[in-house]
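Geometric and topological summary
Below, each chain spelled out in residue letters.
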Amino acid sequence: MNQIIRNLPKQKTQVFEEHKAGNLLGQIGFLHVRLAESKAEIEKAQSIRYDVFYREFGAHASPSCSASGLDQDLFDDHCDHLIVLDTEIVGSSEDQIVGTYRLMRKEHAQSAGGYYSAGEFAIASLMTRHKDRNFLELGRSCVLPKYRSKRTIELLWQGIWAYSQQYKIDVMLGCASFFGTVPARHAEALSFLHHHARTDASWHIAPVPGRHVSMDLMPEEAINMKTALNTLPPLIKGYLRLGAKFGEGAVIDHEFNTIDVMVVLPVENISGRYKAYYGENAERFAA
């Protein structure tokens, strides 16, 4: 590693040294993951969210978001913002941000007046049933097109796992999305989640009244498992691999042009293989 550092240009060496300290939550080669540490870094993450959600995927921006070019809401000031940085990009840390995830602990929700996903799913009853558990809401997952790879997803999960260990998180949850607002276009994938990946009774969760959209669009015997899995969004596939289950019913989010499902992932359901893989003592990834 020291030989690598000696061979780097001076500016890149400085960036590497700055970010290899204790604030790192994960690393794969020159991709690093950590929490945003300044207003400028948070705004760059919001700018990437705007580019992806609104410009690329057609979400409907509010006048204030359009004017600023930032995807912002009232929860942002109360959350932690996980960021992925490509440290091979010459420039400031803001220039290096290529992906982000928003992390909301119980303390954040208390200061913000609730969780973001409570606007779509009845999470309060779930948390009441498990009042001894420490919940973490995951949201606003976003990666620039060039970096949408298994490598980046693994890095984000390195960061989330390290963060969860630090704050003794018991359960992760949050909304995950299918593109568009027509459930029939995702009938096989949604039906697969309904029949094969639904939460059991103890973790049951459903949309808030008036927003429920059925995911049971095909009979179980009509589902082609291979096709269904191949058409799931990458983020949802990742949650499934980790051991996540999904709530009953979906919600159409017209503002973001998505069909949202609720992910529930108790930490004890994550396999030992993945805990070791993402854990602090796991072998470092090769560059």
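Okay, so let's go over this structure.

About the criteria used
Positions within a chain are numbered from 1, following the residues in the order the chain's sequence is written. For this predicted model, a pLDDT threshold of at least 70 governs which residues receive local features, and a threshold of 80 or more governs which side-chain atom pairs are given and counted, while totals over whole chains, interfaces and linings are taken from all residues. Note that water and hydrogens are dropped before the side-chain values are worked out from all heavy atoms of the structure. Here a helix means four or more residues in a row that DSSP labels H or I, a strand means two or more in a row labelled E, and each is numbered from the N terminus. Burial here depends on accessible area, computed with a 1.4 Å probe over protein chains only, as a share of the maximum for the residue type. Under 20% is buried, over 50% is exposed, and the range in between is partly exposed. Using a 1.4 Å probe, the Shrake-Rupley method yields the accessible areas, and only the shown protein chains count as cover for residues. N or O atoms closer than or at 3.5 Å make up a polar contact, with two conditions inside protein: a donor-capable atom paired with an acceptor-capable one, and, for residues adjacent in sequence, both atoms drawn from side chains. Whether two residues are in contact is decided by their heavy atoms: any pair within 4.5 Å suffices. Basic side-chain nitrogens of Lys or Arg form a salt bridge, by our definition, when they fall within 4 Å of a carboxyl oxygen of Asp or Glu. Here, nonpolar core refers to any group of buried Ala, Val, Leu, Ile, Met, Phe, Trp, Tyr and Cys residues whose side-chain atoms link them within 4.5 Å.

Things to note about the overall build of the protein
For the protein, the count of helices and strands is 12 helices and 9 strands. Sorting the 287 residues of the protein into buried and exposed places 51% on the buried side. By element, 52% of the accessible surface of the protein is carried by carbon and sulfur atoms, the whole surface being about 13,700 Å².

Concerning the side chain of D80
Mapped onto the fold, D80 is located in strand β3 (residues 80-86). For D80, a relative accessible area of 18% corresponds to the buried category. A distance of 2.6 Å separates a polar atom in the side chain of D80 from a polar atom in the side chain of Y163. Contact partners of D80, with chain neighbours within four places excluded, come to L35, Y101, R102, L103, R105, H108 and Y163.

Re the pattern of salt bridges
Enumeration over the complete set of coordinates arrives at 13 salt bridges. The partner of R34 in a salt bridge is E41, and the shortest N-O contact between them spans 2.7 Å. Taking relative accessible area as the criterion, R34 reaches 1% and is therefore assigned buried. Using a relative accessible area of 3% as the deciding quantity, one classes E41 as buried.

Quick look at the nonpolar core
Judged by nonpolar contacts, the single largest core of 46 residues is most densely connected at L138, W157, M172, F178, L193, Y239 and V261. Among the elements that make up this core, the one with the highest residue count is helix α8 (residues 150-166) (6 residues).

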